[in-house]
Structures are given as structure tokens and as C-alpha cells.
Amino acid sequence: MSTSSVSKGCFVFKPSNNKKKKKTLSLEDHFIHGCEGAENSETRFKLCQDLWDKIKTDTEVLQDELNRNILDSLLDFTRKSSSSRQHSDWASQMRASEIPTAALVLGVNVPDHDMTFQSLSDLLQQSVTPHVASVQAKECGALKHLMKRVLERLMGTVVTVDDDEEEEQAEQSVAQLHKSVHCSLSILCAWYNAKTKKSNTDTPGKKRSSPVRDDLQQQQQQPPVVIIFKDLEAFNPRVLQDFILICSRYIERLPLMFIFGIATSPSTIQHMLPHSVSSLLCIELFQSLSCTQHLATVIDKLILTPQFPFKLNGKVMQVLISIFLYHDFSVRNFIKGVQLAMLEHFHSQPLSVLCCKKKAALLNVMQLGHSDLEGIRQLPSFKRYVEKQEPQEQVNLFTDDTHLKEVCQKLIKDLRKYHKNYYPVLRCLHTLTSSLPRYPLGKQIRELHLICLEKNISENEDYQSAMKLLKMLAKDMLVALLQRCAEILQPAKSKKMKSALVQLEEMLAKFKQLDTVAAEPPPSVEESITSPVKNLQKKTDLFQLQKTLLEMNKSRRSKKLSPFEALRNEALEFIDGLVKSHLSPPESQTLNEVCYYTSSATVRRHLNATPRTSIQAALNTPYYYLQNEHLKTEDGSVSNAAPDICLVYKLHLECGRLINLYDWLEAYATVVSAAEGNNPDSDNFGKVDEVKHARFIRAVSELEFLGFIKSTKQKTDHVARLTWGGC
């Protein structure tokens, strides 16, 4: 549509009714778009979604269990504080102006705090009080903002402030500001009294109940008002101090209670609040479970279990754990990384249709198409399996699809058996080695798991060192560790693990029998006299001395082992046999590609992004981001038609540490003139006009905002370059 008119005007074009409304894509549509192996993409999407829902549910239940102790302690604190305030012992426990405050130390894993505070708010509203308000520092920059958020979330209404009143408050002193806020808290007091006035008095003629029941009724009639400060360190100290001072004046009329969310240390309260303010708080400290313990539990229940068929290989696990340890300590982000890996696996691997429970996997094998079977034949693990078969069997596997499906069913069963045996033996080995000096196989089970994923652990030098240390354990300690291994094997359903449990219990019974066996008598005096040591006291030559020493060494080696030493060696050889049989790396298992996700580079690129590299790539190659054919170049250089910031960035790479702005502007004007198609021989070619000057200033400002240059005082007409390279 076009409009021609002599005069200027505004023209409205109504949308045509023939245009179809844009279709909203569902999650399944996004998954199927660009998916490898579109034949079974819908089945894979459903498997991925069901598996993730199961993992998410189990993870939430696990996190609730981990936070249960700290949340129950906080609930008891709020109940106790509320009950004490309503009885005569309130004045004896704290002054009337003191506000009960719980200092909750959660750790530096800030992304996980929201889930903890949400659970805390829900529990408080369910069992203690309906009056709970949570605030964050980013929404409470000033005192009036903090007061507004608290009132809105407690009263459930919109609190507005007139612009004139805001201007007056900005000009008033702190005391006058407090006075205006007092009125807001007075409104809160009136609202609270209106909510609880019906339960404050007993009905005339009503029979009085027992004192205990009266206490419970009184506690329910006057529930506390809980205010949660999620991120205490981020609050403005002055705003927090003023708010506490105001609340302390209303504590007799309003049962206020604070919960401080602290990420670093409890000393933060002393640093933010002076003594005159902190003395108004009755603070009790609560320490949550450390994030490393939380991660260890999540890995133990989520990763190291045959319950979930989806698995991560060693490199992907190392990337996720490294991001956790060196970036955010967030268990929530670790779980998101597992979700990303799962989504990528089901999206990019057509054979992930077999990554499900045993019965469903066996059924899906029989429904595989010819292209999927060809994909199985191309798997590295399957090629290694074929190489070990007889020549006729190799021909059948590569030519007969029906026979291949039957073999794949057997291989899927073997892969499930491998996982059922792998994890119990892994836990047993961790139990035996986690308490050894210097932790040769790691202190955490995830470290041992990573070693087993990389290569055969029986060939590891640290494993050999650990076995030598186990041979030095005392009887009581060794028996205790073997007993814990028996407890680990007890719930295992695999036939091999049940057989191993029977053998281990027999060894434990033999260890108990050693207590009833009398100790062997010490060697007689005659034996000690005739020992080779006696010959050393005689005068002898060098040859005789060497012969005597060899006899002593031989006798030491041929020394008969005690019953305990023999039984200890037998037990450790049994454990060593389990390790060699069941802790082989997953790459050695046929069809491991079905369940294991291996693209660590993809996970690192999505979760551990490098903004600087992405920005430089966009400025150097704008074609790949804008998809404009005019920007496409063969030699990789930036086209003259590129955006101004790309041209300015390219020119700044040719300069040294200090860049002359005037020279930079002239070079930019020359490039822009060439892009506009001006004649190089004309007088106006490369001339700086107002438009080019304005475009150049904007591009330079954008580069400064991105951190490529900065102003410098060395020369007034220069800027300093902040990137490497150049002269």
C-alpha cells in the first residue's frame, strides 16, 4: 500500500480480514522443528516430557526433605515468639520494643533462595499466620517503597501515593518522613485489629475451656505479622534502619516478626545496623544445609540410580559440576543443566526413543524403522560388538532387520543389568575408600563416579593405592565398612548383587568367629635362639653376612598369615572382583549412546556463555546475525554497508592504545562515502557532515557502553582502547 499526497498527513491502513492469525506454536512444535529423525519425534517428545516431570517431582520432594529441618525450626520459632508475646512471660524474655527476628543463613547459592522462601511462606500461611509479606531489595529502594510493598502484600490492596505528597516527602526531613509513614502503619494496625476483633472477646455465657485450649485459641486469634527480607545484604542500610525504628514503636499494637535472608555471614547484621537499631531486635540464628551437601544428595538420588534411564557421560558431568563449584553453587541451576542435556539428547538423537523404561524400550525396538536400524548399525559401540561375533552373525546383523531387532532387545536388557550392578558396587567402593587418608579416590561419591566414567578404575594408580591402604585397616574398622557394604547391597534386585550379598554375609560371619578363636602361642625361646638374628652376633665375613640377610628376608616373606590377615585379603579380593566386573566405563557397553548424552560443548555453550566473544563475533561478522545478503563477504572482512558500530569497531582494531577521535571520524566518513557510492575523485568524498558526525558519535558511545573504549585524561581528543591487539 502506498499513498501520494502534496501535503503532509497521517494515513491509517486497517488490517485486511483475509489475513490469517499467526498460529501459536506449542512446546511439541518447537521440539519437532529441526529435530533429527522426524519419524519418531512425537514419541521422543512425550518420553522426554514424562521423564522430566518425574525427575522434577522427585527433585522437589527431595528439596523439601532437605529443607524440612530448617523450616520446622523457623516455624517453631514463630510459634514460640507469638505465644510468648501473648502471655505474661513476654516482658521477661524480651523488652516490649524488641522485634522477634530470625536470621536465616542460606549461603551464596542465591538462585536457590526463592524456592526456600516460597516453601517457608506457604508453611507459615498454612500453620502459623495468614499475614506474611516477602520483599526484595530491588523493589524497595526507598522507605516509602518498602512500606508500600509491605502494606500491599499484607492487606491485599493497592496502596497509592499522590505525586504532590511524594514531592513534599522528598523535601521534608527524616523526622517528618517518619511521621507520614507512621500513618501508614497506623492503617495497618487498624486493618489488623479489624481482622482480629471478633476473636478478641469471649461470647457472654459461653463456658470457658481449659487453659491449654485458651492458649491455642488466643494464638489463633492474634497471629503474628511476618515480614521476610529475602536478600538482606542488598537492602539500603538507611532504609532498613528507618523501617526497623518505625516498627519498634508499633510492636505493642502489632505483633511484628522479621525473617532476614542472609547469603554471606550473620555479621552482616552488625555491619548494616548500628547498635541503637540492632538492640531493638531479638535475633536468633538459623543455619541451612550447605549447598555442597545439597548437591551430593541430589546427585545421589537423581544421577546415581537406575531408576532414570537418561544418563550423563563424564565430560558433561564435569561441566555441570565445574559450573556449580566455580560459578554459582546453585543446585537449581545444576538441575536446569540436567534438563538442558536431556532436551538436547531427545532432540538430536533419534535412537533416544529407546531411552525409557525396560518394557517400553523393548516395545519401541520392534517399532523401529529401517533408517533407525541403520543408525544403530552406525553406532561405535555396536560396531565393536559386531566385530566380536562370528562371520555369519555379522552378516545377519547388517542385513536382517528382524534379527537385529531381537539382538537389540537383548542388548537393551544387558544395559539395564549393567546399571543395576554398577551403582551398588560404586557405593560399596565409595564406602570403603571415602575415609582413607588423603582420599585417593575422592571424598565425594561424584568424584569416584567421574573416575569410573572416564576409564576402567581397576587400572587406575589411585585405586591400587586405595587397595593397599585397605589392607592396613584394623579389624573393627574393616568389619564396620563391610557391614555398611552389606546394607547397600541389601535392597539390590539384581541376581549378581544378591549372590554378592550372600558371600559378603558369609565373610562377616567368619570375622565374628575369629573373636572366639584363641590366639596362637608366641614362638618358643628355642626358636628365637636359633633364628638367623643370632648368627649376626657372630664374627663373619661379607659373604656370610649377605647369606644371612637373604635368609632373614626369605623367612619374613614366607611368614604364615594370621587368620584375620587371610580373611581380610579374601574380603578385599572379593571387593576387587566386584569392581573389575561391574565398574567398567559405560562406553564399553553396547548401545550406550541410547541413554548417555555426550555433547559437553553444547552444554558449556548454553550454560557458561561468553558474552564478550559473542559480541566480538557479531561485530566482525554481522551477516550471520542479520542475515542480510549485502553484508556477505568472501574474505571475512566487514562490508562497507554494515551497521555503523561494526564499521567503527573494525576501524578501531587498526589503531593503537590511544585513538585520535578526529582521525577515527575521518576514516569512518571515508568508509561511509564509499558505501554510499560517491565518486572518490569528487570534492565531497569523505567529507564529514552533521549526519555522519552524529552517526559516528552514536557508534562510539555504543562501543564505550560495551566496554571496548574509555575516555582518557592523557589527551583530550583521544580515547583509550580496552582490547588487545593493534600497534
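Residues numbered from 1 in each chain as written. Predicted model: local features only at pLDDT ≥ 70, side-chain atom pairs only at ≥ 80, totals over all residues. Heavy atoms only, no water.

A.B. asks: What should I look at first to understand the pairing of strand β4 (residues 256–262) in this one?
C.D. replies: Sheet faces and side chains relate simply in a regular strand, where the side chains alternate between the two faces. Most of β4 is tucked away, with seven of its seven residues classed as buried. Neither face of β4 is left uncovered, since the one carrying Leu256, Phe258, Phe260 and Ile262 and the one carrying Met257, Ile259 and Gly261 both have all their residues buried. Alignment of strand β1 (residues 99–105) against β4, held across five bridges, turns out to be parallel. Paired with Ala102 across the strands is Ile259, a residue of β4. Judged from the five bridges that link them, strand β3 (residues 225–229) and β4 form a sheet pairing that is parallel. Among the inter-strand pairings, Ile227 is bridged to a residue of β4, identified as Phe258. Between β3 and its parallel partner β4, the chain crosses via helix α10 (residues 237–248), and the hand of that crossover is right-handed. (Buried < 20%, exposed > 50% of the residue type's maximum accessible area, 1.4 Å probe, protein only. Helix = DSSP H or I, 4+ residues; strand = E, 2+ residues; numbered from the N terminus. Pairing = 2+ DSSP bridges. Right-handed = clockwise from strand over helix to strand, strands pointing away.)

A.B. asks: Would you take a moment to explain the side chain of Thr712 for this structure?
C.D. replies: Inspection of the secondary structure puts Thr712 in the loop between β9 (709–711) and β10 (718–721). A residue is classified by how much of its surface remains accessible, and Thr712, at 17% relative accessible area, is buried. Ignoring sequence-local partners within four residues, the contact set of Thr712 consists of Leu658, His718, Val719 and Ala720. (Contact = heavy atoms within 4.5 Å.)

A.B. asks: Got a minute to help me understand helix α5 (residues 113–127) in this structure?
C.D. replies: One turn of the α-helix equals 3.6 residues, which is why residues spaced by three or four share an orientation. Taking 1.5 Å of rise per residue, 15 residues should cover 21 Å, and α5 covers 21 Å from first to last C-alpha, within 8% of that figure. Along α5, the positions that sit buried rather than exposed are His113, Thr116, Phe117, Ser119, Leu120, Ser121, Leu123 and Leu124. (Expected span 1.5 Å × (residues − 1).)

A.B. asks: I would appreciate a short explanation of the pairing of β1 in the present structure.
C.D. replies: Across the seven residues that make up β1, a large majority, seven, are buried. Where β1 lies against strand β5 (residues 281–287), seven bridges are found, and the strand directions are parallel. What sits directly across from Thr101, in β5, is Ile283.

A.B. asks: Teacher, can you tell me more about a positive patch on the surface here?
C.D. replies: Where like charges cluster on the molecular surface, the positive patch consists of Lys358, Lys413, Lys417, Lys420, Lys493, Lys495, Lys496 and Lys498. Counting residues per element, the ones that place at least two in the positive patch are α20 (401–433) and α24 (495–513). Position of Lys417 relative to the elements: it lies in helix α20. (Patch = residues over 30% accessible without salt bridge, like charges linked within 9 Å, V, L, I, M, F, W, Y side chains within 5 Å. Areas by Shrake-Rupley, 256 points an atom, 1.4 Å probe, with all protein chains shown as cover. Salt bridge = Lys/Arg side-chain N within 4 Å of Asp/Glu carboxyl O. Lys, Arg positive; Asp, Glu negative; His and termini not counted. Charge placed at Lys NZ, Arg CZ, Asp CG, Glu CD.)

A.B. asks: Just checking my understanding: could you explain the packing of aromatic side chains for this structure?
C.D. replies: Aromatic ring pairs are described here by two measures, namely the spacing of the ring centres and the angle between the planes. Tallied over the entire structure, the rule returns 17 aromatic pairs. Ring geometry for Tyr649 against Phe708: centres 5.2 Å apart, planes inclined by 75°, an arrangement best described as edge-to-face. Separated by 59 residues along the polypeptide, Tyr649 in helix α32 (residues 644–652) and Phe708 in the loop between α34 (690–706) and β9 bring together distant segments of the chain. The burial state of Tyr649 is the same as that of Phe708; both residues are buried. Here the basic side chain of Arg612 rests over the ring of Phe708, its NZ or CZ set 4.6 Å away from the ring centre. (Phe/Tyr/Trp six-rings, centres within 6.5 Å; stacked < 30°, edge-to-face > 60°. Lys NZ or Arg CZ within 6 Å of the ring centre and 35° of its normal.)

A.B. asks: Would you take a moment to explain unusual backbone geometry for this structure?
C.D. replies: Peptide bonds are, in most cases, trans, and in most cases residues other than glycine have a negative phi. Residue Arg438 is not a glycine yet carries a positive backbone phi of 65°. Within the secondary structure, Arg438 is located in the loop between α20 and α21 (445–454). Located in the positive-phi region is Leu591, a residue other than glycine, with phi close to 65°.

A.B. asks: Help me understand helix α16 (residues 358–366) in this model?
C.D. replies: Taken together, the buried positions of α16 are occupied by Ala361, Leu362, Asn364 and Val365. One side of α16 holds all its buried residues, which, seen down the axis, span an arc of 165°. Of the exposed residues in α16, those oriented more than 90 degrees away from the buried face are Lys359 and Leu363. The inward-facing, buried residues of α16 abut α2 (41–66) and α20. (Arc of directions from axis to C-beta.)

A.B. asks: I keep staring at a nonpolar patch on the surface and nothing clicks. Help me out?
C.D. replies: A cluster of nonpolar side chains, Leu542, Leu545 and Leu549, forms an exposed patch at the surface whose accessible area comes to about 290 Å². Looking at the element boundaries, Leu545 is found in helix α27 (residues 542–557).

A.B. asks: Help me understand the sheet that holds strand β8 (residues 658–660), please; the structure alone is not making it clear to me.
C.D. replies: Across a sheet, strands are paired by hydrogen bonds formed along the backbone, either parallel or antiparallel in direction. Read from one edge of the open sheet, three strands run β8-β10-β9, paired in antiparallel fashion. Here the strands that pair on one side only, and so sit at the sheet edges, are β8 and β9. The average angle at which neighbouring strand axes cross in this sheet is 40°, direction not considered. Judged from the three bridges that link them, β8 and β10 form a sheet pairing that is antiparallel. If you follow Leu658 over to β10, its bridge partner there is Ala720. Contacts from helix α33 (residues 661–675) reach β8, β9 and β10, with the element oriented near 60° to β8. (Axes fitted to C-alpha atoms, helices over the stretch in contact; angles between N-to-C directions.)

A.B. asks: Honestly, the sheet that holds β1 in this entry has me stumped. Any pointers?
C.D. replies: Sheet architecture is open: five strands sit in the order β2-β3-β4-β1-β5, paired in parallel fashion. The open sheet is flanked by β2 (132–135) and β5, the only strands paired with a single partner. On average, each strand axis in the sheet is tilted by 20° relative to the strand beside it, whichever way the strands run. Here four bridges tie β2 to β3, and the two strands are oriented parallel to one another. Residue Ala133 lies in a different strand from β3, and its bridge partner there is Ile227. The strands touched by helix α6 (residues 143–155) within the sheet are β2 and β3, with β2 carrying the most contacts at an inclination of about 145°. Along the sheet face, α10 touches β1, β3, β4 and β5 and points at about 160° away from the line of β4.

A.B. asks: Would you explain the pattern of salt bridges in this entry?
C.D. replies: Close approach of charged atoms lets side chains of opposite charge pair. All told, the structure shown has 14 salt bridges when counted by the stated rule. Of the charged contacts, one joins Lys54 and Asp58 as a salt bridge, the two residues approaching to 3.7 Å between their closest N and O atoms. With Lys54 and Asp58 both in helix α2, this residue pair falls four residues apart, about one helical turn. By relative accessible area, which is 39% here, Lys54 ends up partly exposed. Looking at Asp58, the relative accessible area reads 26%, which means it is partly exposed. Ionic pairing is found between Glu570 and Lys510, a salt bridge with its closest N-O pair at 3.9 Å. One end of the pair, Glu570, is in helix α28 (residues 563–582); the other, Lys510, is in helix α24, with 60 residues separating them in the sequence. Note on Glu570: relative accessible area 33%, which makes it partly exposed.

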